[in-house]
Amino acid sequence: MTNKIEEVILNSLIELNEELENNPLGSPSKETQLYGGGGALDSMALVSFITDLEEIISEKFDKDIILADERAMSQKTSPFRSVESLTRYIKKLLEELN
Amino acid sequence: MKKVILITGTRKGIGKELAEYYLSIGCIVIGCSRSPGTILHIDYRHHELDVSNELDVVKMVRATKKEFSRIDVLLNNAGIASMNHFLTTSYNTVQNIFNTNFLGTFIFSREVSKIMMKQKYGRIVNYTTVASALRLEGEAVYAASKGAIENFTQTISKEVAPFNITVNAIGPTPIETDLIKMVPKNKILDLLDKQAIKRFGTFEDIKNVIDFFIDDKSEFITGQIIYLGGIHN
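Positions within a chain are numbered from 1, following the residues in the order the chain's sequence is written. Here chains are named by letter from A upward and ligands by number from 1 upward, in the order in which they appear as written. Where local features are concerned, this predicted model is filtered to residues with pLDDT of at least 70; where side-chain atom pairs are given and counted, the filter is 80 or more; whole-chain, interface and lining totals use all residues. Derived side-chain values reflect all non-hydrogen atoms in the structure, with water molecules and hydrogen atoms excluded from consideration.

## Here's the deal with the interface of chain B and chain A
Okay, so step 1: Across the boundary between the two partners, chain B contributes 14 residues, which contact 14 residues of chain A.
Okay, so step 2: As a working definition, buried area equals the accessible area (1.4 Å probe) given up by two parts on being put together, with both sides summed. Of the roughly 1100 Å² buried between chain B and chain A on both sides combined, carbon and sulfur atoms contribute 59%.
Okay, so step 3: Three residues stand out in chain B for area buried against chain A, namely Arg62, Lys114 and Lys118 of chain B, and they jointly supply 46% of the buried area on that side.
Okay, so step 4: Put simply, a salt bridge is a Lys or Arg side-chain nitrogen that is within 4 Å of an Asp or Glu carboxyl oxygen. Counting the contacts that link chain B with chain A gives 5 salt bridges.
Okay, so step 5: We note a salt bridge from Asp64 of chain A to Arg62 of chain B, for which the minimum N-O separation is 2.6 Å.
Okay, so step 6: Here a polar contact is taken to be a pair of N or O atoms separated by no more than 3.5 Å, where protein atoms must pair a possible hydrogen donor with a possible acceptor and residues adjacent in sequence count only if both atoms sit in side chains. The interface formed by chain B and chain A contains 6 residue pairs in polar contact (both at pLDDT 80 or more).
Okay, so step 7: Taken together, the elements giving at least two residues each to the side of chain B that touches chain A come down to α2 (54-68) and α3 (91-119) of chain B.
Okay, so step 8: Note on conventions: DSSP H or I runs of at least 4 residues are helices, E runs of at least 2 residues are strands, and numbering of each starts at the N terminus. Examining the composition of the side of chain B that touches chain A, we find that 6 residues originate from one element, α2 of chain B, more than from any other.
Okay, so step 9: Residues are grouped as follows: nonpolar covers Ala, Val, Leu, Ile, Met, Phe, Trp, Tyr, Cys and Pro; charged covers Asp, Glu, Lys and Arg; every other residue, Gly included, is treated as polar. Partitioning the side of chain B that touches chain A into residue classes produces 5 nonpolar, no polar and 9 charged. Any two residues having at least one pair of non-hydrogen atoms within 4.5 Å are treated as being in contact.

As structure tokens, then:
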């Protein structure tokens, strides 16, 4: 499941990168920092990205999850800070629905 | 292109009248209530849910997006009222009122804004009450839940402004619906007396303000609270 989630995130990032000015994410990979210290997304881009991701996950996994977390805007502990942390976070949410 | 309008609380009262009105002028209307719908129309969809049930709301909004690809307008109409002295108001009553009035408005606004953000267009109208502006005795909890909606309306209007989404609120005076039928007549007359224009509100009065808020030309109108009848904060 981890690989499938990661693939969904990376594909969404590639699309997002094309929409943003100056392609701030370069070539997104597992190590790409998203938000917070060193991350390429500002809060507006993050909100847009989360919205895309929720929709794609709903389609691919046939499960509705809500990517909202009290730590979302935290620089240090946000689950949205990197592709890796986001993958873990989504996996946890999907498992909770089982 | 037909406008897609999502209205909460469409089984009866103002919500039902608004749904029928927007259907009559060629809009697509998506409604919801806790019980089965009462509107039959080719362009109407009904969802049976509690507006404070986060996952059910998410499903409804996603189903709407899937079928119609967009949502132009959200009217957070669903609401419950309660009249009581706060000393005799139960904890459960407070939870129920805040769940339906505030949490319902919050969840729908959040989920629908995600779609509006993508389409770079949206109009959200929330519902407050003159009881909030007037600090009416006996309506502490109801008015507090609406006060929360007012503040929320004005703050999120700033957060979504970059996406061309406006968020405003209407504060109706009493109109003759189920919501006030339990309120003693003298209380209602006292309330009408506090208005600059001393009469019951009508559906037409409410429709007029909502039409103004959701008009394409109202793109510069956001974070506003309009009370009917000449009440102000």
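## Some thoughts on the sheet that holds strand β1 (residues 4-8) of chain B
Residues and elements named next belong to chain B.
Okay, so step 1: One bridge is not enough; two strands pair if DSSP finds at least two bridges between them. Within the open sheet, the 7 strands sit side by side as β3-β2-β1-β4-β5-β6-β7. Their pairing is parallel. The open sheet is flanked by β3 (44-48) and β7 (225-227), the only strands paired with a single partner. Adjacent strand axes in the sheet meet at a mean angle of 15 degrees, parallel and antiparallel pairs treated alike.
Okay, so step 2: When strand β6 (residues 165-171) meets β7, the two strands line up parallel, connected through 3 bridges. Paired with Gly171 across the bridge in β7 is Tyr227.
Okay, so step 3: Here helix α7 (residues 203-214) sits on the sheet and contacts β4 (73-76), β5 (122-127), β6 and β7; the angle it forms with β6, its principal contact strand, is near 165 degrees. All axes here are fitted lines through C-alpha atoms, helices being fitted over the stretch that makes contact, and every angle between N-to-C directions spans 0 to 180 degrees.

## A short note on the packing of helix α2 (residues 43-61) of chain A against helix α3 (residues 83-97) of chain A
Residue and element names in this part refer to chain A.
Okay, so step 1: Viewed as axis vectors pointing N to C, α2 and α3 meet at an angle of 45 degrees, and their least axial separation amounts to 13 Å. Our classification of the angle between α2 and α3 gives oblique. As for how α2 packs across α3, the hand of that crossing is right-handed. Between α2 and α3, the contacting residues are Phe49, Leu53, Ile57 and Phe61 on the first element and Leu86, Ile90 and Leu94 on the second.
Okay, so step 2: Tallied by class, the residues present in the contact of α2 with α3 amount to 7 nonpolar, no polar and no charged. For classification purposes, angles smaller than 35 degrees are called roughly parallel, those larger than 145 roughly antiparallel, those between 65 and 115 roughly perpendicular, and all remaining angles oblique. By the definition used in this description, the sense in which the near helix is turned from the far one sets the handedness, with an anticlockwise turn below a right angle giving left-handed and a clockwise turn giving right-handed.

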